[in-house]
Amino acid sequence: MKKKKILFLLLGLIMIYSFWLCIQLVRFKTYTNPALDKTPLEIQGSYHIHTTHSDGRKTPEKIAEFASRSSLDFIILTDHGAPNFSSMATAGWKKEILVLAGSELSVSRGHLVALGFTPPSAPFSQNAEQAAYQIKALSGLSIIAHPYSKVSWSWGKPIGYNGLEIINAKTLLKYDLLSSIPYLPSLLVKPDYALLKMLKRPVKNLNKWDELNHTNPTMGFYSLDAHLLYKSLLPFLRLHVLLNNPLSEEFEQASHQVLSALHQGRFYNAVDYAAQASGFRFWAQKGQKRVQMGEKSIFDSHATLNIRAEFPFTCEVHLIHNGKKIMASTEKRIVHQPTHPGFYRVEVYLKERTPMRKDVPWILSNPIFFQEKN
Ligand SMILES: [Zn+2]
Ligand SMILES: [Zn+2]
């Protein structure tokens with residue numbers, strides 16, 4: 001009799017939960033921006049993707065097909081290898097998607113992603129510092145992958161890696177499964193809702209990023225680390241790259257345009273499943289000169305920091321100076337006069353109803369570096 005009671009109670013709870021989840025799913029929507037004035041100078045893509053050339057489940061062709069359905073402009077393959085030549089050979093235009101291919105190296109300190117390098121004549125060193133120097137010597141960029149995952153990064157002397165992954169979707173999904181269990185059923189019906197629910201504020205990554213930027217300019221990346229579930233993952237986190245000229249139709253030229261923008265930090269990251277982020281801008285104005293994200297410039301007390309967050313939904317813009325929040329505003333156009341040298345970056349929080357936690361940066365800009373006059 002007691003057993004029956006418990007069973008009924010359990011069934012009742014499951015029904016209440018299912019009903020609650022259904023309501024949440026029906027109410028969920030990705031915020032769109034119908035007024036968005038699209039420019040060919042802003043393109044978007046997904047970074048850190050594995051294919052069948054290492055431990056991913058789909059071929060580059062199939063992944064490009066999914067990317068094309070998600071209206072991405074580019075994808076960045078990062079198969080394991082030192083480097084992975086067969087994966088790199090698949091780079092090119094596929095289904096009108098610019099497919100770029102670097103490699104994820106297993107080095108002494110953890111996993112290091114290398115992009116945009118000219119192919120080496122011998123494998124990269126397994127020593128993290130040496131590998132980073134080799135990548136740099138071949139005009140490539142090195143990005144510290146998932147620093148706080150199971151394969152974590154052991155920090156040594158800062159030697160100037162180009163980037164750091166701030167969010168790594170695989171780490172969230174694989175190693176934090178327990179807290180995600182309540183939302184797993186919705187992964188089948190509405191993966192966007194489930195993925196947004198699983199996102200947490202990357203506290204350690206953000207702190208480390210600010211620490212690194214005190215010594216070496218380091219760019220932040222939202223990374224998928226996709227091995228499967230490509231269709232659901234590709235549109236989730238995106239890099240929004242700002243170009244100087246529209247993307248070339250010629251592959252070498254187009255790939256150079258995107259890689260040099262990543263190298264220079266001329267991009268921002270966004271959780272596009274929560275809301276379409278295209279159109280965000282952050283720059284410094286010094287007289288006639290526009291200083292872009294990722295750029296270094298001598299500090300000038302007449303310079304202004306400009307933020308454009310003209311979205312048809314409510315969001316809060318935070319301006320961060322040397323790792324500390326110095327301003328929060330819900331204005332759509334912000335002009336701020338910086339009083340000190342240092343690095344300035346922006347986090348934007350979505351204030352509308354969303355399954356995403358309120359403390360996850362919906363948009364994360366790269367920093368602008370104001371250097372002291374010598
Ligand atoms: Zn890895
Ligand atoms: Zn990976």
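Please read these numbers as outputs of a predicted model, since none were measured by experiment.

(A) The arrangement of unusual backbone geometry in detail. A cis amide bond, omega 0°, links Ala82 with the succeeding residue Pro83. A positive phi angle, near 50°, is found at Ser71, a position not held by glycine. Assignment of secondary structure puts Ser71 in the loop between α2 (60-69) and β2 (74-80). Given a relative accessible area of 54%, Ser71 falls into the exposed group.

(B) Geometry of the coordination of the zinc ion (ligand 2). In the first shell of the zinc ion (ligand 2), the protein supplies His48 (NE2), His50 (NE2), Glu104 (OE) and Asp225 (OD), at 2.0 to 2.2 Å from the metal. One way to put it: the four donor atoms around the zinc ion (ligand 2) meet at angles of 82 to 173°, and that makes the site irregular. Each donor residue of the zinc ion (ligand 2) belongs to the same chain, with the gaps between them written as H-x1-H-x53-E-x120-D. Here the zinc ion (ligand 2) and the zinc ion (ligand 1) are spaced 3.5 Å apart, with Glu104 acting as a shared donor. Of this pair, Glu104 sits in strand β4 (residues 97-107) while Asp225 is found in the loop between β8 (219-223) and α10 (230-233), placing the two residues 121 residues apart along the sequence. Assessed through its relative accessible area of 1%, Glu104 is described here as buried. Of the residues examined, Asp225 reaches a relative accessible area of 3% and is grouped as buried.

(C) Broad picture of the layout of surface pockets. Considered as a void within the structure, the largest pocket measures approximately 510 Å³ in volume. For the largest pocket, the lining is made up of 21 residues, of which Gly116, Phe117, Glu252, Ser255 and Leu259 are closest to its centre. The set of elements that each furnish at least two residues to the lining of the largest pocket consists of α3 (85-88), β4 and α11 (251-264). In terms of residues, the lining of the largest pocket owes the most to one element, α11, which gives seven residues. Its residues assigned to classes, the lining of the largest pocket shows twelve nonpolar, eight polar and one charged.

(D) How the structure looks around the nonpolar core. Counting residues in each nonpolar core, the largest one holds 89 residues, and the members touching the most others are Ile75, Leu234, Phe236, Val271, Phe282 and Trp362. Not counting residues within four places of it along the chain, the set of residues in contact with Ile75 comprises Ser46, Ile49, Ile63, Ala64, Ala67, Ile97, Leu98, Val99, Leu100 and Leu234. Core analysis: the next-biggest nonpolar cluster, separate from the first, contains 25 residues, Tyr47, Leu115, Leu243 and Ala254 among them.

(E) Region of the structure containing the environment of Ala35. Within the secondary structure, Ala35 is located in the loop between α1 (2-27) and β1 (42-49). Since its relative accessible area comes to 70%, Ala35 is described here as exposed.

(F) Expanded view of empty space enclosed by the protein. Here the structure, examined in full by the defined rule, presents two cavities of 30 Å³ or more. As for the largest cavity, its lining consists of Ala132, Tyr133, Lys136, Ser142, Ile159, Gly160, Tyr161 and Asn162. Of all the elements, helix α4 (residues 128-137) adds the most residues to the lining of the largest cavity, at three residues. Considering only residue class, the lining of the largest cavity consists of four nonpolar, three polar and one charged. Here the second largest cavity is characterised by a volume of approximately 30 Å³. Looking at the second largest cavity, the residues that line it are Leu173, Leu187, Pro191, Leu195, Leu229, Ser232 and Leu233. Counting residues per element, the ones that place at least two in the lining of the second largest cavity are α8 (191-198) and α10. Of the residues that constitute the lining of the second largest cavity, the class distribution is six nonpolar, one polar and no charged.

(G) Here's a closer look at the pattern of salt bridges. Inspection of every chain in the model, using the stated rule, returns twelve salt bridges. Between Glu65 and Arg69 there is a salt bridge, with its nearest N and O atoms 3.1 Å apart. Note that Glu65 and Arg69 are positioned in helix α2 at a spacing of four residues, about one turn of the helix. On the accessibility criterion, Arg69 (52% relative accessible area) is exposed. Between Glu347 and Arg345 there is a salt bridge, and its shortest N-O distance comes to 2.8 Å. Counted as one network, the salt bridges with shared partners bring together Arg201, Asp210, Arg345 and Glu347.

Scoring rules and cut-offs
For every chain, the first residue of its written sequence is number 1, and the numbers climb from 1 along that sequence. All chains are assigned letters beginning at A, and all ligands numbers beginning at 1, according to the order in which they are written. Only residues with pLDDT of 70 or above have their local features reported here, since the model is predicted, and side-chain atom pairs are shown and tallied only from 80 upward, although totals for entire chains, interfaces and linings are computed over all residues. Water and hydrogen atoms were dropped before computing side-chain values, which therefore reflect all heavy atoms in the structure. Note on conventions: DSSP H or I runs of at least 4 residues are helices, E runs of at least 2 residues are strands, and numbering of each starts at the N terminus. Each residue gets one of three labels from its accessible area relative to the maximum for its type: buried under 20%, exposed over 50%, partly exposed in between, using a 1.4 Å probe on protein chains only. A donor here means any N, O or S atom no more than 2.8 Å from the metal (3.2 Å for Na, K and Ca); water is not included, so a site may seem to lack partners. In short, tetrahedral needs four donors with all angles between 85 and 135 degrees, square planar needs four and octahedral six donors with opposite donors over 155 degrees apart and all other angles between 65 and 115, and whatever is left is irregular. Put plainly, a pocket is an open set of points on a 1 Å grid over the protein atoms alone with protein on both sides within 12 Å along at least five of seven lines, a cavity is a set where a 1.4 Å probe fits but cannot get out, and a lining residue has an atom within 4 Å of a point. Grid points are joined across faces, edges and corners, and a volume is the space filled by probe spheres set on the points. Residues are sorted three ways: Asp, Glu, Lys and Arg are charged, Ala, Val, Leu, Ile, Met, Phe, Trp, Tyr, Cys and Pro are nonpolar, and all the rest, Gly among them, are polar. In this text, buried Ala, Val, Leu, Ile, Met, Phe, Trp, Tyr and Cys residues form a nonpolar core when linked through side-chain atoms within 4.5 Å. The contact definition used throughout considers only heavy atoms, calling two residues in contact when any of these lie within 4.5 Å. We define a salt bridge as a side-chain nitrogen of Lys or Arg found within 4 Å of a carboxyl oxygen belonging to Asp or Glu.

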